[in-house]
Amino acid sequence: MAAQNDITLNGAPYGLAEPCSVSRLLELLNMNGAPVVVEHNGSALLPQDFPAVTVAPGDRVEIVSIVAGG
């Protein structure tokens, strides 16, 4: 059972102490500056929107790392 402050991060519960921006969430996950694609409650976000979008308890966030390869 998910705790009251949990978000769903990549399909699993993740405890969030308080609402924060997507940018802050990426910092907490040590992914700040990494090339990622973020979906917030079913909507894909542009990187310039990360500071303005707030993640709050009950939200669903998907983060996919972009990896170059050949």
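Keep in mind that this is a model prediction, so the values were computed, not measured. (Residues numbered from 1 in each chain as written. Predicted model: local features only at pLDDT ≥ 70, side-chain atom pairs only at ≥ 80, totals over all residues. Heavy atoms only, no water.)

## Some details on the sheet that holds strand E5 (residues 43-45)
With mixed pairing, five strands are arranged side by side in an open sheet as E2-E1-E7-E4-E5. The open sheet is flanked by strand E2 (12-15) and E5, the only strands paired with a single partner. Direction aside, the axes of adjacent strands within the sheet are offset by 35 degrees on average. Bridge count between strand E1 (residues 6-9) and E2: four bridges; the pairing is antiparallel. Of the residues in E2, the one forming a bridge with Asp 6 is Gly 15. (Pairing = 2+ DSSP bridges. Helix = DSSP H or I, 4+ residues; strand = E, 2+ residues; numbered from the N terminus. Axes fitted to C-alpha atoms, helices over the stretch in contact; angles between N-to-C directions.)

## Describing the pairing of strand E7 (residues 60-65)
Note that E1 and E7 share two bridges and pair parallel. Note on E7: the bridge partner recorded for Leu 9 is Val 61. Bridge count between strand E4 (residues 36-40) and E7: five bridges; the pairing is antiparallel. Counterpart to His 40 in the pairing with E7 is Val 61.

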